[in-house]
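Observations on chain architecture
Residues per chain are reported as follows:
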Amino acid sequence: MKKIVFIVLVVFFGFVGCQKTPYTNRSQLVLYSYDDEMNMGKTASNDILKKEKLSRDKKKIEMVKRVGQRLAKVANTNYRWEFNVIEKDILNAFCLPGGKVFIYEGIFKAAKNEDQLATVMSHEIAHALARHGVERMSMGQLASIGKLAIGEASGLSGNQAFDVAFGLGTQYGVMLPYSRSFEYEADEIGIYLMKRAGYDINEAVNFWNNMKAQKNGGEPMEFMSTHPADDNRIENIKRIIAKN
């Protein structure tokens, strides 16, 4: 048992503080190499391209690629950036590890101009730059090791009630708050990228207000969500803009 706890501590303290996020300079836990990250992103991207139908709207495609290339230039990394538009009326966008960005056509309901599109795209690019995907995976690994150690120490390993309680505690007490902190961090890095690329950072507030209006109140309570409440996010973005 002591050996398991020792391993947990070695893993945790051996990696926390070894890496820093760009721009925000936060110490982070990442247990995956850049090569691992690139390979995972490429595999996931290939799977998505096989399953999803890409947009045929030339205007949207050209705008996404134009904005993406402009932001990628100031991001200044060796990621192999790719920008695709998915033909689905969904209010969403995401970036896979390694720089594979996907924008759903539905996002244009909230992105009324190129600066507003740059808001959501810089946010997704920021997730890749900060390596949030592999950081979340690393935290999941650490949580699994922690569960094993605590279960062994308490003699409750394999107990259903313990498994449920640990899972809920980890989800609501650790993983979801960290996910929300990743969102706030991506907002901050995204605003920085927007400004460097020459976009109007004030349009970020307009974009998120448009997102809020599109949702029409249909979102879970913040503590149950991986994303911040819209009002909290908008107020935080205003503070970030004021500092820039």
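Below or above, wherever it landed, is the structure these notes cover. It should be emphasised that the depicted structure is a prediction, and the values quoted were computed from it without experimental measurement.

**Here's the deal with the pairing of strand 3 (residues 82–86)**
Looking along a regular strand, one sees the side chains alternate between the two faces of the sheet. The element strand 3 is largely enclosed, with a buried count of four among its five residues. As paired elements, strand 3 and strand 5 (residues 100–104) share five bridges and run parallel to each other. Each residue of the ladder has a partner; that of F83, found in strand 5, is V101.

**Topic: helix 2 (residues 34–51)**
One turn of an α-helix holds 3.6 residues; hence residues three or four places apart share an orientation. Spanning 18 residues, helix 2 covers 26 Å between terminal C-alpha atoms, matching the ideal 26 Å at 1.5 Å per step. For helix 2, the complete set of buried residues consists of E37, M38, G41, S45 and I48. Looking straight down helix 2, one finds that the buried residues subtend no more than 95° of arc, so they occupy a single side. Looking at helix 2, the residues exposed on the side facing more than 90 degrees away from the buried face are D35, K42, K50 and K51.

**With respect to the sheet that holds strand 5**
Pairing within the open sheet is mixed, and its three strands lie in the order 3-5-4. Unpaired on one side and paired on the other, strand 3 and strand 4 (93–96) mark the two borders of the sheet. On average, each strand axis in the sheet is tilted by 20° relative to the strand beside it, whichever way the strands run. When strand 4 meets strand 5, the two strands line up antiparallel, connected through four bridges. Considered in strand 5, the bridge of F94 is made with F102. With respect to the sheet, helix 2 is in contact with strand 3, strand 4 and strand 5, its orientation differing from that of strand 5 by roughly 30°. Across the sheet, helix 3 (residues 58–75) touches strand 3 and strand 5, and the angle it forms with strand 3 is around 150°.

**Quick word on the pattern of salt bridges**
Within this structure, the stated rule accounts for 14 salt bridges. Its salt-bridge partner being E185, residue R26 comes within 2.8 Å of it at the nearest N-O pair. Here the residue R26 occupies a position in the loop between strand 1 (19–20) and strand 2 (27–28), and E185 occupies one in helix 6 (residues 160–196), the gap between them amounting to 159 residues. Residue E185 is classed as buried on the basis of its relative accessible area of 6%. The salt bridge involving E87 is made with K53; its shortest N-O contact spans 3.4 Å. Here the residue E87 occupies a position in the loop between strand 3 and strand 4, and K53 occupies one in the loop between helix 2 and helix 3, the gap between them amounting to 34 residues. Members of the salt-bridge network, linked through shared partners, are R26, E135 and E185.

Reading the values: the criteria
Residues numbered from 1 in each chain as written. Predicted model: local features only at pLDDT ≥ 70, side-chain atom pairs only at ≥ 80, totals over all residues. Heavy atoms only, no water. Buried < 20%, exposed > 50% of the residue type's maximum accessible area, 1.4 Å probe, protein only. Helix = DSSP H or I, 4+ residues; strand = E, 2+ residues; numbered from the N terminus. Pairing = 2+ DSSP bridges. Expected span 1.5 Å × (residues − 1). Arc of directions from axis to C-beta. Axes fitted to C-alpha atoms, helices over the stretch in contact; angles between N-to-C directions. Contact = heavy atoms within 4.5 Å. Salt bridge = Lys/Arg side-chain N within 4 Å of Asp/Glu carboxyl O.

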